[in-house]
Amino acid sequence: MRIGFFDSGIGGLTVLSEALRRLPDMDFLYMADTLHVPYGTKAEEDVRAYILDSVGLMMNEGIDALVVACNTATSIAINDLRERYSLPIVGMEPAVKPAVEMNRATGKRVLVFATPLTLQLPKYYALVSRVDELGIVDSLPLPELVHYCEKLQFDTAIMQDYFRTKLADYNLDDYGIIVLGCTHYPFYKQILREMLPAHIEIVDGNVGTVKRLSALLSRYGIAGGGGSGEVRFMCSGHEPAYIDKMQKALAILRERDALSESLAT
Ligand code: DGL
């Protein structure tokens, strides 16, 4: 069985690395829409067309299920994709609901980081209106962060400087949780962890997404995949250098996973 993972760029690898840990008997096809990354600062209708084209290319390669490993793409096109294709499809949305629930007891606020497009789409507005009865959710677009990530800019000092500037107007004592509502952002989890006050939790939707994928695969009878964790990469621009970059970025994530696993045992 082969599971397709789709993102505008390398962000979806943060979800794929989780899937590799939890679903080792599957194979994977990872597609980045390198011709059009970033999505988060573009017009909704343009991005919808890019997503449908890219996912069409993945379908030609043959996949048994699809993870839209991108919050922006999910907001825009998950319904179109489900109408078009009958295979199991898992989407992502910023983990606002669990964050609000986790914070209920502390009375602290929730800060959601996401792309400008995700934050301005009706799906996000509907999500927040549904779960934020107490009015504790604030949202901060980080349009530059995907650019940094796509350049593999992981220098701690540079990135902490960036986050400090973005957070300058927030009193962090008021916040209990930061939600990473874009799949590129977990690349910066450690860098954020080191600079944020210890009482602030950093959450993303990656584990939840892989658990939903796994439940959906069982429901469709495609669990127990007969694969070996093989990952094939493709991108809309057919650039070999970008494939190298994806491999490098995935290796960085897997090394971190291995380190956190060994620290936990
Ligand atoms: N990784 C994507 C997300 O989860 C989008 C990044 C972009 O292309 O702007 O929203």
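Residues numbered from 1 in each chain as written. Predicted model: local features only at pLDDT ≥ 70, side-chain atom pairs only at ≥ 80, totals over all residues. Heavy atoms only, no water.

Quick rundown of the pairing of strand β2 (residues 27-32)? Include the residues and the values.
The buried fraction of β2 is high, at six of six residues. Alternating residues of β2 divide into Asp 27, Leu 29 and Met 31 and Phe 28, Tyr 30 and Ala 32, and every residue in both groups is buried. Sheet topology note: the strand β1 (residues 2-7)/β2 ladder contains six bridges and is parallel. Along β2, the bridge assignment pairs Phe 5 with Tyr 30. At this point the chain moves from β1, through helix α1 (residues 13-22), to the parallel β2, and the crossover so formed is right-handed. Looking at chain direction, β2 and strand β9 (residues 231-235) are connected through five bridges and run parallel. Across the sheet, residue Phe 28 finds its bridge partner in β9, namely Val 231. (Buried < 20%, exposed > 50% of the residue type's maximum accessible area, 1.4 Å probe, protein only. Helix = DSSP H or I, 4+ residues; strand = E, 2+ residues; numbered from the N terminus. Pairing = 2+ DSSP bridges. Right-handed = clockwise from strand over helix to strand, strands pointing away.)

Break down the pattern of salt bridges for me, with residues and values.
Tallying each qualifying case throughout the model produces 13 salt bridges. Note that Lys 166 and Glu 144 form a salt bridge whose closest N and O atoms lie 3.2 Å from each other. You can see Lys 166 sitting in helix α8 (residues 156-166) and its partner Glu 144 sitting in the loop between β6 (137-141) and α7 (145-150), a full 22 residues away along the chain. A relative accessible area of 24% places Lys 166 in the partly exposed class. Linked by salt bridges that have partners in common, Glu 44, Glu 45, Arg 48 and Asp 80 make up one network. (Salt bridge = Lys/Arg side-chain N within 4 Å of Asp/Glu carboxyl O.)

Summarise the environment of Gln 160; cite the residues concerned and give the values.
Looking at the element boundaries, Gln 160 is found in helix α8. Taking the C-alpha atoms as reference points, Gln 160 and Tyr 188, separated by 28 residues in sequence, lie 9.4 Å from one another.

Which residues make up the side chain of Thr 14, and what values do they have?
Note on placement: Thr 14 falls in helix α1. When its relative accessible area of 4% is taken as the criterion, Thr 14 is described as buried. For Thr 14, the residues in contact, after removing those within four places along its chain, are Thr 183, Pro 186, Phe 187, Asn 206 and Leu 253. (Contact = heavy atoms within 4.5 Å.)

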